[in-house]
Each structure stands twice: as C-alpha cells, then as structure tokens.
Amino acid sequence: MNNVVFLQWIQDVAVAHWRRSASREMVERFSWVVVRHEIDYKRQGFAGDEITATTWVGEWTKVTCERFTEITRGSEMLVSSRTLWCMIDRASNRPARISEEVRERFS
C-alpha cells in the first residue's frame, strides 16, 4: 500500500464517523474540508493485511476540530495522523461556527 491509500482511509474513516454520529440535518447542512494533515508513516502495509482504523476527535475551535486516526495491523502501528478539519455551511460555502450540539455528538 502506498501513502495515498492511507490518506484515503484517514479521510474515509473521518467521513464515516461524521455521518454515523451527526444528525441527518447536520449532515445535510454542513460539510468538512481539511485544513492540515500531519501523518506519520511507521510501517508498510501489504495487500491482504487485516487493517483497523480508529479515529477520535480532539480539540475544538469556533470553526475547526482536530481529528486523530490510527491505522494498525494487529498490534503494529502502521500510520498515525492528526488532521485539522474546518466545518463548512453548504448553503454559503463559508466556515460555520461549530455548535455545542455538534460537539456533544462527538464527546
């Protein structure tokens, strides 16, 4: 697996977490864009590996949140990342203030 595969998985797990945790109204009203990725590639992954991706939300600001992701193969850390995401109002295409209601869904 090359680095692009891991980056795609980092994004996929973040999107899946958002869609699972947010209300339908939140998903329809807001989207997220990446402001910054920090990725540490620890070990190589191979086709056929059983991979687990774990994600959680860290600190919040008015319009951003940081999200951590770890990708493992068994007990081996393959990738760890920190991504800064900005919430966007779909109607205006502008950054949106992150409400306490959104934050509570991810605590």
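Described in the following lines is the structure provided in the data block.

What counts as what
- Residues numbered from 1 in each chain as written.
- Predicted model: local features only at pLDDT ≥ 70, side-chain atom pairs only at ≥ 80, totals over all residues.
- Heavy atoms only, no water.
- Helix = DSSP H or I, 4+ residues; strand = E, 2+ residues; numbered from the N terminus.
- Expected span 1.5 Å × (residues − 1).
- Buried < 20%, exposed > 50% of the residue type's maximum accessible area, 1.4 Å probe, protein only.
- Arc of directions from axis to C-beta.
- Contact = heavy atoms within 4.5 Å.
- Polar contact = N/O pair within 3.5 Å; in protein donor to acceptor, adjacent residues only side chain to side chain.

**Some details on helix H1 (residues 3-21)**
- Helix length check: H1 (19 residues) gives 27 Å between terminal C-alpha atoms against 27 Å at 1.5 Å per residue, within 8%.
- Every buried residue of H1 is accounted for by Phe6, Ile10, Val13, Ala14, His17, Trp18 and Ser21. The buried side chains of H1 occupy one side of the element, clustering within an arc of 135° when seen end-on. Of the exposed residues in H1, the ones pointing more than 90 degrees away from its buried face are Val4, Arg19 and Arg20.
- Against helix H2 (24-29), strand E1 (30-41), strand E2 (52-60), strand E3 (64-73), strand E4 (76-89) and helix H3 (100-104) lie the buried residues of H1.
- In this structure Asn2 caps H1, since a side-chain oxygen of it lies 2.9 Å from the backbone nitrogen of Val4.

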